[in-house]
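Structural overview for review
Residues per chain are reported as follows:
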Amino acid sequence: MAMIVNLTPHPVRIWPEDTPDRIDPDSVTPLRVIPPSTQQPARLGERVVGPDDLDLGVPVERVAFGAAQHSTPSLPPPVEGTYYLVSLVVGLAAYDRDDLLVCHATVRNLDGSVIGARKLARPHRL
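Remember, predicted model here, so these are calculated numbers, not experimental data. (Residues numbered from 1 in each chain as written. Predicted model: local features only at pLDDT ≥ 70, side-chain atom pairs only at ≥ 80, totals over all residues. Heavy atoms only, no water.)

Looking at the overall build of the protein chain
Applied cut-off: Secondary structure is summarised from DSSP: a helix means a run of H or I of at least four residues, a strand means a run of E of at least two, and numbering begins at the N terminus for each. Working definition: with a 1.4 Å probe on protein chains only, accessible area under 20% of the residue-type maximum means buried, over 50% means exposed, and in between means partly exposed. Only heavy atoms matter for contacts: two residues are in contact if any of them lie within 4.5 Å across the pair. Every accessible area reported is derived by Shrake-Rupley at a probe size of 1.4 Å, with residue values counting cover from the shown protein chains alone. Working convention for charge: Lys and Arg count positive, Asp and Glu count negative, and His plus the chain ends are omitted. Working definition for charges: the position is that of NZ of Lys, CZ of Arg, CG of Asp or CD of Glu.
A count of helices and strands for the protein chain gives one helix and nine strands. Shown N-terminal to C-terminal, the secondary structure of the protein chain runs as helices and strands in the order β-β-β-β-β-β-β-α-β-β. Its C-alpha atoms put the protein chain at 50 × 40 × 30 Å along the principal axes. Going through the 126 residues of the protein chain one by one, you find that 33% of them count as buried. Intrachain contacts of the protein chain at a sequence separation of at least 6 include 48% that bridge at least 24 residues. Carbon and sulfur atoms provide 53% of the accessible area of the protein chain, an area that totals close to 8,500 Å². The protein chain carries 12 positive and 15 negative side-chain charges, and their two centres are separated by 4 Å.

Below is the structure:
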């Protein structure tokens, strides 16, 4: 059986498919809770290209985000039978990896904070 390694910094709760978009977390039992790994969380790579003067009254920099050279998300190498649960931005930046999962069909608490998802997705670029 394949395994999921959660490379986000928090537990990910998978809720039943019929769970509403917003819930009181105590009113529904999650199907599964995927605890965060002891490995370093995967983060989006970034490289500051230089300053940008847009005259907005706040500092602005040009930044290259994603899985470019010298800007790779901190992902472990692929391991057969292992899928890595990452944030959506990391998953989109490393769309060439076939072993990444992201939360899909998110569920929020009554205050609007994301508390999990009804499904997971594998990022794909068209």
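What to know about the side chain of asparagine 6
Applied cut-off: Contacts described as polar in this section are N or O atom pairs within 3.5 Å, which, within protein, must combine one atom able to donate a hydrogen with one able to accept it, while residues neighboring in sequence count only if both atoms come from side chains.
Relative to the elements of secondary structure, asparagine 6 occurs in strand β1 (residues 3-6). At 2.6 Å, the side chain of asparagine 6 forms a polar contact with the side chain of threonine 8. A polar side-chain atom of asparagine 6 sits 2.9 Å from the main-chain carbonyl oxygen of isoleucine 34.

So, the pattern of salt bridges
Our working definition: What counts as a salt bridge is simple: a side-chain nitrogen of Lys or Arg found within 4 Å of a carboxyl oxygen of Asp or Glu.
Enumeration according to the criterion identifies five salt bridges in this entry. Of the charged contacts, one joins arginine 118 and aspartate 21 as a salt bridge, the two residues approaching to 2.9 Å between their closest N and O atoms. Placement of arginine 118 in strand β9 (residues 114-121) and of aspartate 21 in the loop between β2 (12-14) and β3 (22-23) is noted, with a sequence separation of 97 residues between them. Of the charged contacts, one joins arginine 97 and aspartate 99 as a salt bridge, the two residues approaching to 2.8 Å between their closest N and O atoms.

Overview of the layout of surface pockets
Condition: Cavities and pockets are defined on a 1 Å grid built over the protein atoms alone: a cavity is a set of grid points where a 1.4 Å probe fits but cannot escape, while a pocket is an open set with protein on both sides within 12 Å along at least five of seven lines, and lining residues are those with an atom within 4 Å of any such point. Grid points are joined across faces, edges and corners, and a volume is the space filled by probe spheres set on the points. All residues other than Ala, Val, Leu, Ile, Met, Phe, Trp, Tyr, Cys, Pro, Asp, Glu, Lys and Arg, Gly among them, are scored as polar; the first ten of these are nonpolar and the last four charged.
One number sums up the size of the largest pocket: a volume of about 340 Å³. Around the largest pocket, the lining is made up of 20 residues, and of these Thr8, His10, Val12, Ser87 and Cys103 lie nearest the centre. Those elements giving two or more residues to the lining of the largest pocket turn out to be β2, α1 (88-93), β8 (100-109) and β9. Here the lining of the largest pocket is composed, by residue class, of 13 nonpolar, five polar and two charged.

Quick look at a nonpolar patch on the surface
Basically, it comes down to this: Like-charged residues are merged into a patch within 9 Å and nonpolar side chains (Val, Leu, Ile, Met, Phe, Trp, Tyr) within 5 Å, provided each residue has over 30% relative accessible area and no salt bridge.
A contiguous nonpolar surface patch, about 300 Å² in accessible area, is contributed by Leu54, Leu56 and Val58. By secondary structure assignment, the location of leucine 56 is in the loop between β5 (46-52) and β6 (60-65). Under the relative-accessibility criterion, leucine 56 is labelled exposed at 57%.

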